[in-house]
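Listed below are the residues making up each chain.
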Amino acid sequence: MDIEKIIKNMTLEEKAKFVSGVDMWTTEAFDHLGIPSVFVSDGPHGLRKQENNKGNEVGITDSIDAVCFPTACATASSFDRNLMRQMGVDLGKECQAVDVSCILGPAINIKRSPLCGRNFEYVSEDPYVAGELSAAYINGVQSQNVGTSLKHFAANNQETERMYASSDMDERTLREMYLTAFEIAVKKSQPWTIMASYNRINGSYSTENKKLLTDILRDEWGFEGLVMSDWGAVSDRVAGLKAGMDLEMPGSRGVNDPYIVESVKNGELAEEDLDKAVRNMLKFIEKFVEHRQEETFDRDVDHEKAVRVEEQCVVLLKNDGNVLPLNSDEKIALIGGFAKTPRYQGGGSSHINAHNVVSALSVKDSYGSISFAEGFPYDADVTDEAMQAEAVGLAEKSDKIVVFAGLPDVFESEGYDREHMRLPDCQNLLIDKLVATGKPVIIVLHNGSPVEMPWLDGVSAVVEAYLGGEGVGEAVMNVLYGKVNPSGKLAESFPILLEHNPSYLNFPVARHKVNYAEGVFVGYRYYDTKKMDVLFPFGHGLSYTEFSYSNLKINGVPAGENVQADINSTITVTVDVTNVGDIEGAEIVQLYVSDKTGTINRPVHELKGFDKQVIKPGETVTYTFDLDKRSFAWYSEEVSDWYAADGIYTIEIGKSSRDICLSGAVELTGSFQLKPVIDMNVQLGELIAYKKTSEFIKQEFKNATTQFSDIGDSDDPMTVAMLEYMPIRTLRSFGTLTNEQIDELLKELKKLVD
């Protein structure tokens, strides 16, 4: 495809038409120019391809028979880049088999609040996890010459007023929490497309935000692909083209075409900006049509792959007395509507017409002596006393009770946010009755985001299955019976109460604005810094075996010894992990960095590394992490860049954010100091702390006949404290300096700083 020749031969009207979809899922074709149309499909955990989208254009339930892999809330718990890449490869092959050029995902918006209705589709509360896992997934899909659409760019963290509300925050919060995952994915995987979100950011729609779509995305991060709108997200089409928003989806049915043409003719829109969008469109189409490959979509084979993925995602949250794994000789009572009809995916645009949904009940005969009572429905909050009595009666005759609980579809979905964190009342009521039997109670959860657990102290075990795809029933049973050793860990914190969440007072919206007042203190960054009790911490997950951590080294030096490093170098951290149990298991090791320099208010620690490896009984495996300058940095609005100060940083190795096993310190050097602003209000403490002005200011005061002649050298705590925050202008009153003398002092200070 000769892209430049095609652009040259296109009329202005054809260009305007080309940059919007022809319908819900396809791009425009121009046969006389050799431009075919291509088809995109909703995702990201399966194909929601609509073969005929003319009659029912939304068609959420009207799509091809496809395989539903676990949703992002589940796969994030794997902490497994290789698993994510392979799942991407499998989905890419499916796309090729059914002629889909681009799967719309992954969705990586940060889980700011447990109430976001679309959290099941998002990866994590932590941007590093979200970025790393999404990059692996993207690389897998795109290895099959199929595109992805990284979404929703950016700060789309709720469903309430999602098409209009403005996500308002400072630059540091935006960069550190809500852009970092996208940045990692762009730099590590170059997604073919990025989807601009519905919402506004600080008053500007994402689809019209030049700073976001061009200055940051393309100029800073080096994004090379196509920017498309979320479906119906375009407000001002010409403003979007100026900002760098290439493709409007699903298109305006021609309404915006003459507006674009007229804007070019009258000079409001530069034709070169329109050409950029056309060029990005042609590059996107070329990648797919010139690299088609023969594939077969074997749904039964991919179903088994979906089961295997979910097995690596299940999180064992609690296991008192090693009540799990179950024994085939035990009499087990399966209770709950989800045992018969599992909730395996969320509602909305990612809803897959699943090929083969496997419930725990449908496979129970393969595991042992198992009986079933429904107890409560899977799709409503309805208390039926007869059903509950039947469940209690069965429980009393059983050795152990397994309750399949969770959130019905109506409780969480795209389009609206949850109102609370509770399970249906009928489920909590029955669980309390089952606990009262005195038999061990095991809870299996099917949910897309955290729930409150008022019964937690009374139950013996809790298994978080999340929304685990169409094979969730078989995967969970394999974990319950020990055929699979659980290895998942939470990629989000579970607060005890909704009110504990840092966004609680500012969620979802007030007068069309969302105040991100918690700043960078999201999830564990908040709970751990506040030392607040949580239900389960970020990174938590148990195993049927035990792991011991030892031999932490930083740049080859054992923890506890002095380690110095240049801030611009790569710092290598190693730690040994030994399986001290009796069975093989996979362990996810987490590395956190804690800034001890005191330069700025930061979370007590931040995740900067993770790895998952399988370890045999008695075996010791060395985990290795490489940290660069960015691993220690925060975003400084003063310098409009990432910044890490010289000083001490603690490296923490943990099983979760609250279970830190080993730690060691490194002293970083080679950075620069942030400059003080030299004016009448500069504080004396700032001048003393800044290396370029410290000796000068001390000497000036020694030469002066003032009561502060020992500035910077005083041993009196009161004097030191008073001087630290004293603006230099106050010396007119306390230091007997004149305005003229202060002006001269400021001139010299500016020379030193500049």
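The structure we're discussing is the one just above.
Reading the values: the criteria
- Residues numbered from 1 in each chain as written.
- Predicted model: local features only at pLDDT ≥ 70, side-chain atom pairs only at ≥ 80, totals over all residues.
- Heavy atoms only, no water.
- Helix = DSSP H or I, 4+ residues; strand = E, 2+ residues; numbered from the N terminus.
- Expected span 1.5 Å × (residues − 1).
- Buried < 20%, exposed > 50% of the residue type's maximum accessible area, 1.4 Å probe, protein only.
- Arc of directions from axis to C-beta.
- Contact = heavy atoms within 4.5 Å.
- Polar contact = N/O pair within 3.5 Å; in protein donor to acceptor, adjacent residues only side chain to side chain.
- Pairing = 2+ DSSP bridges.
- Axes fitted to C-alpha atoms, helices over the stretch in contact; angles between N-to-C directions.

Taking 1.5 Å as the rise per residue, helix α13 (residues 385-396) with 12 residues should run 16 Å; its terminal C-alpha atoms sit 16 Å apart, in good agreement. Among all positions in α13, only Met-387, Gln-388, Ala-391, Val-392, Leu-394 and Ala-395 are buried. Projected onto a plane normal to the axis of α13, the buried residues spread over an arc of 160 degrees and lie on a single side. The outward face of α13, more than 90 degrees from its buried face, is lined by the exposed residues Glu-385, Ala-386 and Glu-396. Considering only its buried residues, α13 is in contact with β10 (331-335), β11 (369-373), β12 (400-406) and α14 (425-435). Near the N-terminus of α13, the side chain that reaches the backbone nitrogen of Ala-386, with its oxygen 3.0 Å away, is that of Asp-384.

The next thing to look at is the sheet that holds strand β5 (residues 193-196). Strand order in this open sheet of five strands is β1-β2-β3-β5-β8, and the pairing throughout is parallel. This sheet does not close on itself; its edge strands, each paired only once, are β1 (40-42) and β8 (226-229). Within the sheet, the average angular offset between the axes of one strand and its neighbour, ignoring direction, is 30 degrees. As paired elements, β1 and strand β2 (residues 102-104) share three bridges and run parallel to each other. In the sheet register, Ser-41 faces β2, and the bridge partner there is Ile-103. In this fold helix α5 (residues 127-142) packs onto β2 and β3 (147-153), with an angle of close to 150 degrees to the strand it touches most, β3.

Moving on to the environment of Phe-284. Along the chain, Phe-284 turns up in helix α10 (residues 271-289). The spatial distance from the C-alpha of Phe-284 to the C-alpha of Asp-582 is 51 Å, given a sequence separation of 298 residues. Setting aside anything within four residues of it in sequence, one finds Phe-284 in contact with Val-38, Val-40, Ser-101, Cys-102, Trp-192, Thr-193 and Leu-226.

Another point: helix α9 (residues 257-265). Within α9, burial applies to Asp-257, Ile-260, Val-261, Ser-263 and Val-264. One side of α9 holds all its buried residues, which, seen down the axis, span an arc of 165 degrees. Looking one or two places after α9, you find Gly-267, whose phi comes out positive at around 85 degrees.

Function cannot be read off these values alone, since they describe shape.
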